[in-house]
Amino acid sequence: MADRLIDLEESATHTGPKGVINDWRRFKLESMDQENLPPAKRELLRQMSSPHRQREDSRASLNRKMSVQEYELLKEEDEGCLKKYRKRCMQEMHDKLSFGPKFEGVHDLDSGEAFLEVIEKEHHSTVVVVHIYKAGVKGCEELNNCLECLAAEYPTVKFCRIDAVASGASERFSDEVLPTLLVYKAGELLGNFLACTQHLTGEFFATDVEAFLNSYGLLPEKEMPALDDEEENNVE
């Protein structure tokens, strides 16, 4: 039991200034091109990261103060390593805040059974937006295009569409109530918007549909975009 607790302590994420410094130290040592380092520095790295140390010695070395040699080695200019470290930290934070599956594009449903299945069997944390449409009905094609754009912006939301006739409930979804947007989560109906384009301007865009859904709190926060090289250069 004691050994198990020690393992859990060592695998836990370190927090606070000391934890951040130790995490950066480990990342730095793992990222450096040791083959091109001078022999003295390579030996120092070997001493600092030797896998043959006892657990107690390793834990103590992480919590001790840096030696002058270590400080000189680790403070050397290495912007590439720092960028990778920042990117890794941001990705880890993003992964911790992201839950549930991710999707691509708008999913076509070809039957009432497929419609029920996506509502009842999707992950409990997933928001499911279903567009019921009919070819030739005003606003349906435009809404389909808008949902394609929103699917790229909100990969954790499952956007679907189904033809009113294919749904098997065309009598309930006449041309007068199309396009219809239905929003579900964990099998529960959160939004039921008949003839939803009446809530939008005559010529609407994806941002208008996004604002409409957000006004009811039906969309999650957008995912944090990955930093490109230029953006990383601007991070101080």
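Parameters at a glance
- Residues numbered from 1 in each chain as written.
- Predicted model: local features only at pLDDT ≥ 70, side-chain atom pairs only at ≥ 80, totals over all residues.
- Heavy atoms only, no water.
- Helix = DSSP H or I, 4+ residues; strand = E, 2+ residues; numbered from the N terminus.
- Buried < 20%, exposed > 50% of the residue type's maximum accessible area, 1.4 Å probe, protein only.
- Contact = heavy atoms within 4.5 Å.
- Areas by Shrake-Rupley, 256 points an atom, 1.4 Å probe, with all protein chains shown as cover.
- Core = buried A, V, L, I, M, F, W, Y, C linked by side-chain atoms within 4.5 Å.
- Pairing = 2+ DSSP bridges.
- Axes fitted to C-alpha atoms, helices over the stretch in contact; angles between N-to-C directions.
- Expected span 1.5 Å × (residues − 1).
- Arc of directions from axis to C-beta.

Undergrad: Go over the overall build of the chain with me, naming the residues and quoting the values.
TA: A tally of regular secondary structure across the chain gives ten helices and five strands. The buried share of the chain, reckoned over its 236 residues, is 35%. The long-range share in the chain, meaning contacts at least 24 apart out of those at least 6 apart in sequence, stands at 70%. Accessible area for the chain stands at about 15300 Å²; split by element, carbon and sulfur atoms hold 51% of it.

Undergrad: Residues and numbers for the nonpolar core, please.
TA: Counting residues in hydrophobic clusters, the biggest one holds 23 residues, and the most contacted among them are L147, F159, L181, F193, V209 and L213. At the level of elements, β2 (127-133), α8 (140-153), β4 (180-185) and α9 (206-214) are the ones that each hand at least two residues to this core. In this view, L147 contacts V106, H131, F159, L181 and V209; residues no more than four positions away in its chain are not counted. Counting 20 residues, the second-largest nonpolar core is a separate cluster that includes L109, A114, F115 and V118.

Undergrad: Run through unusual backbone geometry, naming residues and quoting values.
TA: Each neighbour pair has its own omega, and for L178 with P179 the value is -5°, a cis peptide bond. In this fold, P179 is placed in the loop between β3 (158-163) and β4. Residue A186 is not a glycine yet carries a positive backbone phi of 55°. Relative to the elements of secondary structure, A186 occurs in the loop between β4 and β5 (188-193). The exposure class of A186 is exposed, given its relative accessible area of 57%. The phi dihedral of A195 falls on the positive side, at around 45°, and the residue is not glycine. With respect to the helices and strands, the residue A195 is situated in the loop between β5 and α9.

Undergrad: With reference to specific residues and values, describe the sheet that holds β5.
TA: Reading across from one edge, β1-β3-β2-β4-β5 is the order of the five strands in this open sheet, with mixed pairing throughout. The sheet is open, and its two edges are formed by β1 (107-109) and β5, each paired on a single side. Mean inter-strand twist for the sheet, computed between neighbouring axes without regard to direction, equals 25°. Alignment of β2 against β3, held across six bridges, turns out to be parallel. Its bridge partner lying in β3, H131 is registered against R161. Strands β2, β3 and β4 of the sheet are contacted by α8, whose axis makes an angle of about 160° with β2.

Undergrad: Account for α8, naming residues and giving values.
TA: For α8, with 14 residues, the first-to-last C-alpha span of 20 Å sits near the 20 Å given by 1.5 Å per residue. If you check which residues of α8 are buried, you get C140, L143, N144, C146, L147, L150 and A151. Seen from one end, α8 has its buried residues packed into an arc of 165°, which puts them on one side. Of the exposed residues in α8, those oriented more than 90 degrees away from the buried face are E141 and A152.

Undergrad: With reference to specific residues and values, describe the environment of Y216.
TA: By the secondary structure assignment, Y216 is in the loop between α9 and α10 (229-233). Note on Y216: relative accessible area 48%, which makes it partly exposed. With 25 residues separating them along the chain, Y216 and G191 place their C-alpha atoms 8.2 Å apart.

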